[in-house]
Protein chains: 2
Amino acid sequence: MSKVLIVHAHPEPKSLTSALKDHATTTLRAHKHEVQVSDLYASAWNAVASRADFLQPVQPDRLLYATESGFAFAGRSQSADIEGEQEKLLWADAVILSFPMWWFSMPAILKGWIDRVFALGFAYGVGEHEGERWGDRYGEGTLTGRRAMLTVTMGGHESHYGPRGVNGAIDDILWPIQHGVLFYPGMEVLPPFLIYQSHGLTEADWPEVASRYERRLEGLFTDRPIPFRTQNSGHYDAQQALKPRLGGGGGSRGPAALCGRRREFPVRTGKYREVSRLSGRRGGRRDRNPTASPGFRREFPGAPNREHFRGIRERNDIAAVEQGITEGLHQVCRPSVVAVRRQ
Amino acid sequence: MSKVLIVHAHPEPKSLTSALKDHATTTLRAHKHEVQVSDLYASAWNAVASRADFLQPVQPDRLLYATESGFAFAGRSQSADIEGEQEKLLWADAVILSFPMWWFSMPAILKGWIDRVFALGFAYGVGEHEGERWGDRYGEGTLTGRRAMLTVTMGGHESHYGPRGVNGAIDDILWPIQHGVLFYPGMEVLPPFLIYQSHGLTEADWPEVASRYERRLEGLFTDRPIPFRTQNSGHYDAQQALKPRLGGGGGSRGPAALCGRRREFPVRTGKYREVSRLSGRRGGRRDRNPTASPGFRREFPGAPNREHFRGIRERNDIAAVEQGITEGLHQVCRPSVVAVRRQ
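Just so you know, the residues in each chain are numbered from 1, in the order the chain's sequence is written. Written order decides the labels, with chains lettered from A and ligands numbered from 1. Only residues with pLDDT of at least 70 get local features here, since the model is predicted, and only at 80 or more are side-chain atom pairs given and counted; chain-wide, interface and lining totals rely on the full set of residues. Side-chain measures were taken over the full set of non-hydrogen atoms in the model, leaving aside hydrogen atoms and water.

**Some thoughts on the pattern of salt bridges**
Residues and elements named next belong to chain A. Between Lys or Arg on one side and Asp or Glu on the other, a salt bridge is scored when a side-chain nitrogen of the former is within 4 Å of a carboxyl oxygen of the latter. Here the structure, examined in full by the defined rule, presents 30 salt bridges over all chains. Note that Asp22 and Lys21 form a salt bridge whose closest N and O atoms lie 2.8 Å from each other. Judged by relative accessible area, Asp22 falls into the partly exposed class, the value being 37%. Exposure categories follow from relative accessible area, calculated using a 1.4 Å probe and restricted to protein chains: below 20% of the type maximum is buried, above 50% is exposed, and the middle band is partly exposed. For Lys21, a relative accessible area of 11% gives the class buried. One salt-bridge network, held together by shared partners, links Lys21, Asp22 and Asp39.

Here's what the structure looks like:
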């Protein structure tokens, strides 16, 4: 059985977000997991990083916050609340950040939890720099081996957060958190659990929401993480830029050429031939399946493979085929090099 | 002369970020502008949105923060610190948010300023919903007519934030703030003033940094804003999704087809023919300049036009040509529908 930390940020215990936190706790414990909850409002968490975070400042006359946080972490002279949260993170096998979306990000109290707990030497500045290696980050670091997931309630409609929605795509909006905060210190990030139009939900909607959340919680240790590209797998050069033949800049051949077409496969109409082949309508060229090419397999050995698709075909599960391809391509294309196009 | 509000969030008055704030104040006043500074650390700003923000709560037994903020704003029963900041925003002709990048976003104290000051009825929920119109937001709203700019110091290297950098492109990282926080309530957003590798700067570097900032401050009311697509200009449907022929989903003809190629024009080599024509090397087809097409002009009457380019050509300013095209296309392509490709 595993250990789960829920970091929760909502000012109202009777809110939907707080109900989800309680439901997660109950569900996970029913599955024999241990659960700790950092309820930031309930514990009056101090959101504001300041010199008071360091019990024995090295430079008391001029605060260099990052530097001091490194000394204090190494010297065990951090404020007790910071150290307590770091210990919970080290204890956990999985971390859930549970919050309402406020202004396209997390509430300040949770941002302040990140700002203060993710100290130099703990969550960043870990490992050595040398050539292409820029320390242990983006897939490696102190929190390696742990899983992370965002649980986010939003007032807005799903279509406003779609690939062509007015707010921008939800994946792009969450990129600074999912990639920059969670993947950075080494955690594997699961797709987020999202509730749109939260204000419109009634008691009658709760069973469906709760059961949808249960399914995600049950997959916390088995669902496939977002396949972000790791830093130290040889994909980035010494300037920490993606190497020429990878990602979106590789011209018209190889996996690179696929970026910008993630959403374009008209799977359901059978026009995308490899998928149509998988779904029983033959006639396509084999090399039209981007994730099946030898170059793709070399670059992304962990991506969904032919066996994966075969199993799905046997279940006749077209949605899973679509997701497998999306995930495979996601691994190739970071948001900034993906043109998500959906008609 | 105009009025400028600087909202500043750094815990150390001797920091580079604080020096930039002081320099902005001095420079703007030297240009006869009025300046107010909200120094959030110095004033011990309360970062945490809570029920204490509402003097006469309508639902004291269950906090619906957004709803209460709307009642309190309308009934002038907001906490005095919130009302004070709203008055400064209404006073200002331009707003500068000045902060160090912490975990790919703003420090919690500044996020808490947004969370609390941007009340319902003030910064969102403004205007009527009807069909394609979703209230006054994204280019319209309470703060229309004001300009906004981020001044951000970062420890990381510029290449890590480049289009192919490991952190993701800086434009994408700032999207939730620039588009979601500043453009949302109606402000025009200028390109950010960015300092990379701030920890590596010495006293000797200050004059160059200061003078670079001065140039941006001098352009605060004249520089071209980021041409984000406005919500109520007819580009979004009733689901608030970009209409089919716009943006990244339009097939191979029209402005839509340009998305994903923003960085691809090899301007300096003359291969992009319209630009080569502008720079004196003729031979290209006129319709290869995407921003010159009638369709583009109809869709974006405010984009840089032929006259704009002619003036630039006379000055032989290729960088400005490149920028004009980039800006023209930026208006077509939101981050999530742009594949930025740079070799």
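**Quick word on the side chain of Thr153 of chain A**
All names here are of chain A. Only DSSP runs of H or I with at least four residues qualify as helices, and only runs of E with at least two residues qualify as strands; both kinds are numbered from the N terminus onward. Mapped onto the elements, Thr153 comes out in strand β6 (residues 147–153). Among the residues examined, Thr153 registers a relative accessible area of 4% and is labelled buried. Whenever two N or O atoms come within 3.5 Å, that pair is a polar contact, provided that in protein one can donate a hydrogen and the other can accept it, and provided that, for residues adjacent in sequence, both atoms are side-chain atoms. Here Thr17 takes part through its side chain, which lies 2.9 Å from a polar atom of the side chain of Thr153. Excluding residues that lie within four positions of it along the chain, Thr153 makes contacts with Leu16, Thr17, Leu20, Phe99, Pro100, Met101, Ile195 and Ser198. The contact rule is simple, with two residues in contact once any of their heavy atoms fall within 4.5 Å.

**Concerning the packing of helix α1 (residues 16–30) of chain B against helix α6 (residues 206–218) of chain B**
Residue and element names in this part refer to chain B. Lines fitted to C-alpha atoms define the axes here, with helix axes fitted over just the stretch in contact, and angles between the N-to-C directions of these axes take values from 0 to 180 degrees. At a minimum axis distance of 10 Å, the contact between α1 and α6 shows a crossing angle of 50°. The angle between α1 and α6 places the two elements in the oblique class. Note on packing geometry: the crossing formed by α1 with α6 is right-handed. Here Leu16, Ala19, Leu20, His23, Ala24, Thr27 and Leu28 of α1 come into contact with α6, specifically with Trp206, Val209, Ala210, Tyr213, Glu214 and Leu217. When residues are sorted by character, Ala, Val, Leu, Ile, Met, Phe, Trp, Tyr, Cys and Pro go into the nonpolar class, Asp, Glu, Lys and Arg into the charged class, and all the rest, Gly among them, into the polar class. Tallied by class, the residues present in the contact of α1 with α6 amount to 10 nonpolar, 2 polar and 1 charged. Every angle not falling under 35 degrees, over 145, or within 65 to 115 is termed oblique; those three ranges are roughly parallel, roughly antiparallel and roughly perpendicular. Note on convention: near helix rotated counterclockwise from far helix by under a right angle means a left-handed crossing. Clockwise means right-handed.

**Side note on unusual backbone geometry**
Residues other than glycine seldom take positive phi values, yet Ala44 of chain A does so here, at roughly 50°. Looking at where Ala44 of chain A falls in the secondary structure, it is placed in the loop between β2 (34–39) and α2 (65–74). Phi is positive for Gln197 of chain B, which is not a glycine, with a value near 45°.

**Description of the packing of aromatic side chains**
Planes of paired rings set the category: under 30 degrees apart is stacked, over 60 is edge-to-face and the rest tilted, where pairs are Phe, Tyr or Trp rings (Trp by its six-membered ring) whose centres lie within 6.5 Å. In this structure the tally under the stated criterion is 30 aromatic pairs over all chains. With 5.6 Å between their ring centres and 85° between their planes, Trp175 of chain A and Phe228 of chain A make a pair best called edge-to-face. Of the two residues, Trp175 of chain A is situated in helix α5 (residues 170–183) and Phe228 of chain A in the loop between α6 (206–218) and α7 (273–278); the sequence distance between them amounts to 53 residues. In this structure Trp175 of chain A comes out as buried when scored by relative accessible area, which is 4%. Judged by relative accessible area, which is 10%, Phe228 of chain A ranks as buried. An aromatic cluster is present here, built from Trp103, Phe104, Tyr161 and Tyr196 of chain A together with Trp113, Phe118, Tyr124, Tyr138, Trp175, Phe183, Tyr184 and Phe228 of chain B joined pairwise through their rings. We note Arg116 of chain B situated over the ring of Trp45 of chain B; from NZ or CZ to the ring centre the distance is 4.9 Å. The rule is short: NZ of Lys or CZ of Arg within 6 Å of the ring centre and within 35 degrees of the ring normal puts a charge over the ring.

**Points about the packing of helix α3 (residues 80–91) of chain B against helix α4 (residues 108–117) of chain B**
Residue and element names in this part refer to chain B. The interhelical angle for the contact between α3 and α4, taken along N-to-C directions, is 90°, at an axis separation of 10 Å. With respect to each other, α3 and α4 are oriented roughly perpendicular. Residues Asp81, Ile82, Glu85, Gln86 and Leu89 of α3 pack against Trp113, Arg116 and Val117 of α4. For the contact of α3 with α4, the per-class residue count stands at 4 nonpolar, 1 polar and 3 charged.

**Focus: the confidence of the model for chain A**
Fine structural detail should not be taken from predicted coordinates in areas where pLDDT scores are low. All names here are of chain A. The share of residues in chain A with pLDDT of 70 or more is 72%, and the mean pLDDT across the chain is 80. Note that residues 248–290 has pLDDT below 50 and, in this model, 87 contacts with residues that lie over four places away or in other chains. Values of pLDDT, ranging from 0 to 100, describe the predictor's confidence in every residue of the model. When the criterion is pLDDT under 50, residues 321–343 qualifies, and its contacts beyond four places in sequence or with other chains add up to 94 contacts. Across the interface, the model reports ipTM at 0.79; the global pTM reads 0.79.

**A word on the side chain of Ser15 of chain A**
As for its placement among the helices and strands, Ser15 of chain A is situated in the loop between β1 (3–8) and α1 (16–30). Side-chain polar atoms of Ser15 of chain A contact the side chain of Ser18 of chain A, separated by 3.0 Å. Excluding its chain neighbours within four sequence positions, the residues that come into contact with Ser15 of chain A are His10 of chain A together with Arg62 of chain B.

**Remarks on α6 of chain B**
Residues and elements named next belong to chain B. Expected span of a helix, by definition, is 1.5 Å for each gap between consecutive residues, and there is one gap fewer than residues. With 13 residues, α6 extends 18 Å from end C-alpha to end C-alpha; this agrees with the ideal 18 Å at 1.5 Å per step. Regarding α6, the residues found buried are Val209, Ala210, Tyr213, Arg216 and Leu217. One side of α6 holds all its buried residues, which, seen down the axis, span an arc of 120°. Pointing more than 90 degrees away from the buried face of α6 are the exposed residues Pro207 and Arg215. The elements touched by buried residues of α6 are α1, β3 (94–100), β6 (147–153) and β8 (193–195). Each C-beta atom gives one direction from the helix axis, and the arc is the one those directions make.

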